[in-house]
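Survey of secondary and tertiary structure
Okay, here's what each chain looks like letter by letter:
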Amino acid sequence: MSQNPIADHFRASLAGLTRAVESAELQATVKAIADAITGSLRAGNKLLLIGNGGSAADAQHIAAEIVGRYKRERRAWAAIALTTDTSALTAIGNDYGIEDMFARQVEGLARPGDVLIAMTTSGRSPNILAALRRARELGVTTIGLTGTKGESLRALCDHVLIAPCDDTPVIQQIHMVALHAICDDVERAVMSEPGKA
């Protein structure tokens, strides 16, 4: 048993982030995701985000960064966290089942050219998988964020960011760092285009 579990947590987080920093493949994936979102926003489309638990909170956080701002003053862009409408979530969960609570919203709100970011640390959440399937049917660009056990998510996604870890809290920390990097890259790219700021 460790004498300092708090320090152990920081070490585990640092180790996961260090593996991410050293992964050229992960960084290339982050850039590809940012480019996909940039292209969508430039075309007047929107970003949708989903996740369960802590990933639901992360979805709301990133939607706020896109609609509000990350670091730069600019016009608002369209982003919706499909985790926030309790009436829709509970009605769909009650009438269709929890597995469809995101897929039904995707069906109603998503259009071809939009982007869906789906976060699942395990890669196996049934409601996330159902939403990704529906999004693909609709011509939506699908992005999955997961951990090392979520490799199977690739079959449903145009881009998959796999955090180099299997510990849920550390996976979520890596996801948030990557998402902030994406927000920064998108903001820089869209604002550099004349008339788009």
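Residues numbered from 1 in each chain as written. Predicted model: local features only at pLDDT ≥ 70, side-chain atom pairs only at ≥ 80, totals over all residues. Heavy atoms only, no water.

1. A closer look at the overall build of the chain
Secondary structure summary: the chain contains seven helices and five strands in total. Secondary structure elements of the chain occur, N-terminal to C-terminal, as α-α-β-α-β-α-α-β-α-β-β-α. With 197 residues in all, the chain has 46% of them scored as buried. Put simply, the chain shows about 9400 Å² of open surface, and 54% of that area lies on carbon and sulfur atoms. Charged side chains in the chain number 20 positive and 22 negative. The centres of these two groups are separated by 4 Å. (Helix = DSSP H or I, 4+ residues; strand = E, 2+ residues; numbered from the N terminus. Buried < 20%, exposed > 50% of the residue type's maximum accessible area, 1.4 Å probe, protein only. Areas by Shrake-Rupley, 256 points an atom, 1.4 Å probe, with all protein chains shown as cover. Lys, Arg positive; Asp, Glu negative; His and termini not counted. Charge placed at Lys NZ, Arg CZ, Asp CG, Glu CD.)

2. Structural notes on the pattern of salt bridges
Taken as a whole and assessed by the stated rule, the structure comprises 13 salt bridges. For R154, the salt bridge is made with E151, and the minimal N-O distance between the two is 2.4 Å. By relative accessible area, which is 37% here, R154 ends up partly exposed. Classification of E151 by relative accessible area gives partly exposed; the value is 40%. (Salt bridge = Lys/Arg side-chain N within 4 Å of Asp/Glu carboxyl O.)

3. Details of helix α1 (residues 5-21)
The end-to-end C-alpha distance of α1, which contains 17 residues, comes to 24 Å, matching closely the 24 Å that a straight helix rising 1.5 Å per residue would cover. Looking at the packing, one finds that the buried side of α1 touches α2 (24-42) and α7 (168-191). (Expected span 1.5 Å × (residues − 1). Contact = heavy atoms within 4.5 Å.)

4. Here we look at the sheet that holds strand β2 (residues 79-81)
Strand pairing in a sheet takes place through backbone hydrogen bonds and is either antiparallel or parallel in direction. Taken together, the five strands give an open sheet; going across it, the order is β2-β1-β3-β4-β5, and neighbouring strands pair in parallel fashion. At either end of the open sheet lies a strand with only one pairing partner, and these are β2 and β5 (159-162). In this sheet, adjacent strand axes meet at a mean angle of 15° when their direction is disregarded. Bridging between strand β1 (residues 47-51) and β2 involves three bridges; their strand directions are parallel. Bridge assignment links L48 to a residue of β2, and that residue is I80. (Pairing = 2+ DSSP bridges. Axes fitted to C-alpha atoms, helices over the stretch in contact; angles between N-to-C directions.)

5. Looking at the environment of S192
Relative to the elements of secondary structure, S192 occurs in the segment after α7. Overall, S192 belongs to the exposed group, its relative accessible area being 55%. Residues S192 and M101, 91 residues apart in the sequence, show an inter-C-alpha distance of 37 Å. There is a polar contact of 2.7 Å between the side chain of S192 and the backbone oxygen of A189. (Polar contact = N/O pair within 3.5 Å; in protein donor to acceptor, adjacent residues only side chain to side chain.)

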